[in-house]
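# Notes for the structure review
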Amino acid sequence: MASRPGILTDWPWKPLGSFKYIILAPWITGSIYSIIVKDAKQWDVFNLAILPLMLWRILHSQLWISLSRYRTAKGTNRIVDKGIEFDQVDRERNWDDQILFNAILFYLGNKYFPGGSHIPIWRTDGVIITMLLHVGPVEFLYYWFHRALHHHYLYSRYHSHHHSSIVTEPITSVTHPFAEHIVYFALFSLPVSTVVFFGTGSIIAIAGYITYIDLMNNMGHCNFELIPNWVFSIFPPLKYIMYTPSFHSLHHTQFRTNYSLFMPIYDYIYGTMDKSSDTLYEISLQRKEETPNVVHLMHLTTPESIYHLRVGFPYLASKPYSSAWYLWLLWPVTLWFMMLTRIYRRTFVVERNRFHQLRLQTWAIPNFREQYHLKWQKESINNMIEEAVLEAEEKGASVLSLGLMNQGKELNRYGEVYVKKHPQLKVKLVDGSSLAVAVLLNSIPKGTTQVLLRGNLTKVAFAVAFSLCQKGIQVTVLREDEYEKLDKSLGTKSEGKLVISKSYSSCKVWLVGDDLTEKEQRKANKGTLFIPFSQFPLKNLRKDCFYHTTPAMQTPKAFENVDSCENWLPRRVMSVWRIAGILHALEGWEEHECGCTISNIDKVWEACLKHGFQPLTVPTQSKS
């Protein structure tokens with residue numbers, strides 16, 4: 001929002017929220033009706049092309065969003081090093097409003113503007129005239145209108161909304177108040193309305209011109225340099241008629257220079273060219289891929305989780321993961337992506353962060369959660385994880401946290417297989433179990449004397465049971481096989497605090513794992529606190545009970561470039577399996593934490609608090 005919002009700041013359909021596209025229903029319905037009742041020779045092709053053009057613009061912008069976030073995460077040719085935060089994501093979430101606005105005006109123009117209906121598919125003269133009108137009046141008028149927007153009156157009421165984004169993304173290009181978009185449409189419609197009015201317009205000219213504007217807008221705000229310098233070497237005058245991402249990026253950091261639309265010539269003519277434009281361009285081109293200090297390895301959970309990645313849909317990624325009904329409409333894309341993961345068997349960078357001097361990256365392995373339960377997938381998954389470990393080693397990372405790769409003893413013995421296979425590894429593998437135990441112990445309400453342990457017995461479960469027994473807290477299990485495994489592991493170390501019971505109602509605090517059944521959960525007493533020790537959340541079935549998150553902590557304010565949620569966790573909350581790797585690097589610990597190894601719990605917990613990570617509130621405390 002601008003610092004002092006002026007009139008026509010908000011879009012007219014803002015109260016409709018996610019249902020705003022319903023306002024196109026009358027026109028879309030009319031187009032479908034005309035197809036049904038009219039002969040093919042009577043169809044208005046331009047009217048029918050408006051909806052596909054709108055969908056193409058959405059897809060085009062989304063491709064730029066994903067490409068920009070992927071490239072800036074890797075660091076290659078990145079222009080501005082600063083990160084993006086949640087406030088920018090929220091501010092830019094309605095980037096499709098301008099596409100909806102343009103579609104409405106095209107439908108109105110098709111019906112009421114002279115010559116707006118039954119436009120031919122191609123006319124050469126119309127294409128040429130459109131190009132000339134853009135190069136002349138549009139670029140010139142935009143330059144002066146843009147300079148006017150930087151006058152303190154208009155800037156504070158309108159244009160400051162756009163400039164709130166210092167680090168730009170492709171969708172930053174269309175993040176303006178409604179009033180600005182009215183002027184932009186009037187300006188960019190000059191070539192289109194002119195050729196249509198004089199009968200030289202064509203569908204290709206209109207669609208091509210709109211695509212050109214979107215392309216240049218998205219490119220100019222993508223925050224990585226992609227125009228090679230040989231282009232300007234072959235044709236030097238090109239620098240006056242085509243801008244680069246670094247050229248426009250300077251406008252967002254310096255504010256009073258580089259006002260031009262897509263052709264810098266007017267900045268040269270009127271003396272507003274930033275003197276560091278060429279220098280920044282060369283520096284950005286020479287910037288290499290960033291070498292991380294800490295790598296966090298993750299995998300996809302469900303097929304729909306691709307849209308919740310940072311390189312997916314920005315607004316979905318900025319919220320805790322949940323299934324959305326409209327994602328079913330994208331099932332062809334989802335299916336195509338699933339097939340692509342079968343072919344592309346390598347990790348890819350999905351996110352970068354910075355914490356003090358540490359450079360952090362998150363890498364994703366193209367596998368889904370269900371694949372980790374298939375025995376015939378075990379070798380393939382382990383090979384990909386091993387390749388990621390060796391790649392992190394090659395790039396000079398000091399720590400690799402296994403995160404969701406830590407799927408249990410059966411898969412890779414909590415990462416131990418990689419250490420044994422490569423004994424000279426310099427990168428330290430961290431499975432995060434020690435911090436998970438510390439967080440779980442500190443999530444149990446003070447004064448608790450009895451805890452029920454139920455679920456798949458992982459390394460964390462064994463360690464938690466041991467620690468609780470040592471603290472004098474009784475650990476109750478319901479199944480005989482679980483009791484035998486724990487008793488065999490703990491032996492006399494259980495201090496007589498490990499017991500087996502058939503009663504579900506004896507404990508008010510449950511530590512639960514992946515295989516807790518719904519039937520068992522319904523047997524819990526009213527007011528029971530469920531604390532997951534697994535990496536995946538428990539399904540919340542009971543409104544009369546309390547549910548803790550999976551082991552996680554609040555990140556410090558110094559943690560940079562946080563604009564997406566980690567799976568199902570709230571904003572700026574991070575899983576302990578990810579935090580553990582960061583702590584390992586910050587403290588300079590030299591040992592691996594994998595296999596059966598558990599670090600000193602108190603030492604890990606104190607280090608976590610020392611670096612600003614904060615425990616989450618226990619639900620029973622917040623509701624009381």
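Being a predicted model, the structure only gives us computed values, none of them experimental.

### Comments concerning the packing of aromatic side chains
Under the counting rule described, the total for this entry stands at 30 aromatic pairs. Residues F101 and F185 carry aromatic rings whose centres are separated by 6.1 Å and whose planes lie at 65° to one another, so their mutual orientation is edge-to-face. Taken as a pair, F101 in helix α4 (residues 97-112) and F185 in helix α7 (residues 178-197) lie far apart in primary sequence, 84 residues in all. Judged by centre distance (5.6 Å) and plane angle (85°), the rings of Y212 and F262 are edge-to-face. Separated by 50 residues along the polypeptide, Y212 in helix α8 (residues 203-220) and F262 in the loop between α11 (245-254) and α12 (265-269) bring together distant segments of the chain. Its relative accessible area of 1% is what places F262 among the buried residues. Here K239 stacks its cationic end above the ring of Y240, 5.9 Å away from the centre of that ring. The positively charged end of R369 is found above the aromatic ring belonging to F536, 3.7 Å away from the centroid.

### Section: the UniProt feature "transmembrane region" (unreviewed entry) in the protein
When the UniProt feature table is mapped onto this chain, "transmembrane region" (unreviewed entry) is found at residues 21-37, 126-145, 182-212 and 325-344. In the segment residues 126-145, helix accounts for 100% and strand for 0%; the C-alpha atoms at its two ends are 26 Å apart. Note that residues 325-344 is 65% helix and 0% strand, and that its end C-alpha atoms are spaced 28 Å apart.

### As for the side chain of S165
Along the chain, S165 turns up in the loop between α6 (152-163) and α7. Judged by relative accessible area, S165 falls into the buried class, the value being 1%. At 2.8 Å, the side chain of S165 and the side chain of E92 are in polar contact. If near-sequence neighbours (up to four positions away) are discounted, S165 is found in contact with Q88, R91, E92, T172 and H252.

### Let's talk about the UniProt feature "domain: Fatty acid hydroxylase" (unreviewed entry) in the protein
The UniProt feature table records "domain: Fatty acid hydroxylase" (unreviewed entry) at residues 132-272. Taken end to end, residues 132-272 is 66% helix and 0% strand, and its first and last C-alpha atoms sit 24 Å apart.

### Thoughts on the nonpolar core
Note that soluble globular proteins tend to have their nonpolar side chains buried in a common cluster. L435, L453, L468, L511, M553, I579 and L583 are the most contacted members of the largest nonpolar core, which has 57 residues in total. Aside from chain neighbours lying at most four places away, what touches I579 is L435, M553, M574, C608 and F613. Formed by 49 residues, the second largest nonpolar core is a distinct cluster that contains V195, V231, Y243 and Y281.

### Looking at a negative patch on the surface
The grouping of E480, D481, E484 and D487 at the surface amounts to a negative patch. Mapped onto the elements, E484 comes out in helix α21 (residues 480-490).

### A few points about the environment of A388
One can find A388 in helix α16 (residues 378-394). Remark: the alpha-carbon pair of A388 and V295, spanning 93 residues in sequence, is separated by 9.4 Å. In contact with A388, other than residues within four places in its own chain, are L297, T347, W363 and L400.

### Considering the domain arrangement of the protein
What the domain assignment lists for the protein is domain 1 (14-227), domain 2 (294-434 + 559-615) and domain 3 (445-554). Its C-alpha centre places domain 2 at a distance of 25 Å from the equivalent point of domain 3. Residue-level contacts link 32 residues of domain 2 with 16 residues of domain 3. Here domain 2 and domain 3 share an interface that buries about 1,900 Å² over both sides, 64% of which is from carbon and sulfur atoms. Broken down residue by residue, the surface that domain 2 buries against domain 3 is led by R369, W568 and W577, which jointly contribute 30%. On the surface where domain 2 and domain 3 come into contact, there are one salt bridge. Between D431 and K459 there is a salt bridge, with its nearest N and O atoms 2.6 Å apart. Linking domain 2 to domain 3 there are nine residue pairs in polar contact (both at pLDDT 80 or more). Of all the elements in the fold, those that place two or more residues in the side of domain 2 that touches domain 3 are β14 (573-575), α23 (576-587), α24 (601-610) and β15 (614-615). Each residue belonging to the side of domain 2 that touches domain 3 can be placed in one class, and the counts come to 17 nonpolar, 11 polar and four charged.

### Thoughts on the sheet that holds strand β1 (residues 294-299)
With respect to topology, six strands assemble into an open sheet ordered β5-β4-β1-β3-β2-β13, the strand pairing being mixed. The open sheet has two edge strands with one neighbour each: β5 (428-430) and β13 (559-560). With two bridges connecting them, strand β2 (residues 348-355) and β13 associate as antiparallel partners. Residue pairing across strands places R354 opposite E560, the latter belonging to β13. Packed on one face of the sheet, helix α2 (residues 45-74) meets β2 and β3 (358-365) and runs near 55° to β2. Running over the sheet, α16 touches β1, β3, β4 (399-401) and β5 and is turned about 160° from β3.

### Focus on the environment of L569
Mapped onto the secondary structure, L569 falls in the loop between β13 and β14. C-alpha separation for the pair L569 and V80, spaced 489 residues apart in sequence, amounts to 28 Å. Leaving out residues up to four positions away in the same chain, L569 has contacts with P320, T549, T550, A552, M574 and S575.

### What about the pairing of strand β9 (residues 509-512)?
For a regular strand, side-chain orientation follows a simple rule: the groups alternate between the two sheet faces. Residues V509 and L511 line one face of β9 and the alternating positions W510 and V512 line the opposite face, and both faces are buried. In terms of strand pairing, strand β6 (residues 450-454) meets β9 through three bridges, oriented parallel. Among the inter-strand pairings, L453 is bridged to a residue of β9, identified as L511. Where β9 meets strand β10 (residues 529-532), four bridges bridge the pair, whose relative direction is parallel. By the bridge assignment for β10, V512 is matched with P532.

### Overview of helix α13 (residues 277-286)
Within α13, burial applies to S277, L280, Y281 and S284. Buried positions in α13, seen along its axis, are confined to an arc of 105° and lie on one side of it. On its buried face, α13 sits against α9 (229-234) and α11.

### Some remarks on the pattern of salt bridges
Going through the model one piece at a time under the given rule, you end up with 31 salt bridges. Among the ionic pairs, R346 bridges to E391, the shortest N-O distance being 3.7 Å. Pair noted here: R346 is in the loop between α15 (331-343) and β2 and E391 is in helix α16, with a separation of 45 residues, a long-range link. Classification of R346 by relative accessible area gives partly exposed; the value is 43%. The closest approach of N and O atoms between E518 and K539, which form a salt bridge, is 3.6 Å. Placement of E518 in helix α22 (residues 518-522) and of K539 in the loop between β10 and β11 (546-547) is noted, with a sequence separation of 21 residues between them. Look at E518 and you get partly exposed, because its relative accessible area is 40%. Linked by salt bridges that have partners in common, K74, E289, R346, E391 and K395 make up one network.

Rules used throughout
Residues numbered from 1 in each chain as written. Predicted model: local features only at pLDDT ≥ 70, side-chain atom pairs only at ≥ 80, totals over all residues. Heavy atoms only, no water. Phe/Tyr/Trp six-rings, centres within 6.5 Å; stacked < 30°, edge-to-face > 60°. Helix = DSSP H or I, 4+ residues; strand = E, 2+ residues; numbered from the N terminus. Buried < 20%, exposed > 50% of the residue type's maximum accessible area, 1.4 Å probe, protein only. Lys NZ or Arg CZ within 6 Å of the ring centre and 35° of its normal. UniProt positions renumbered as here; feature names shortened; annotations may be inferred. Polar contact = N/O pair within 3.5 Å; in protein donor to acceptor, adjacent residues only side chain to side chain. Contact = heavy atoms within 4.5 Å. Core = buried A, V, L, I, M, F, W, Y, C linked by side-chain atoms within 4.5 Å. Patch = residues over 30% accessible without salt bridge, like charges linked within 9 Å, V, L, I, M, F, W, Y side chains within 5 Å. Areas by Shrake-Rupley, 256 points an atom, 1.4 Å probe, with all protein chains shown as cover. Salt bridge = Lys/Arg side-chain N within 4 Å of Asp/Glu carboxyl O. Lys, Arg positive; Asp, Glu negative; His and termini not counted. Charge placed at Lys NZ, Arg CZ, Asp CG, Glu CD. Domains from an automatic or database assignment. Buried area = accessible area lost by both parts, 1.4 Å probe. Nonpolar A, V, L, I, M, F, W, Y, C, P; charged D, E, K, R; others polar. Pairing = 2+ DSSP bridges. Axes fitted to C-alpha atoms, helices over the stretch in contact; angles between N-to-C directions. Arc of directions from axis to C-beta.

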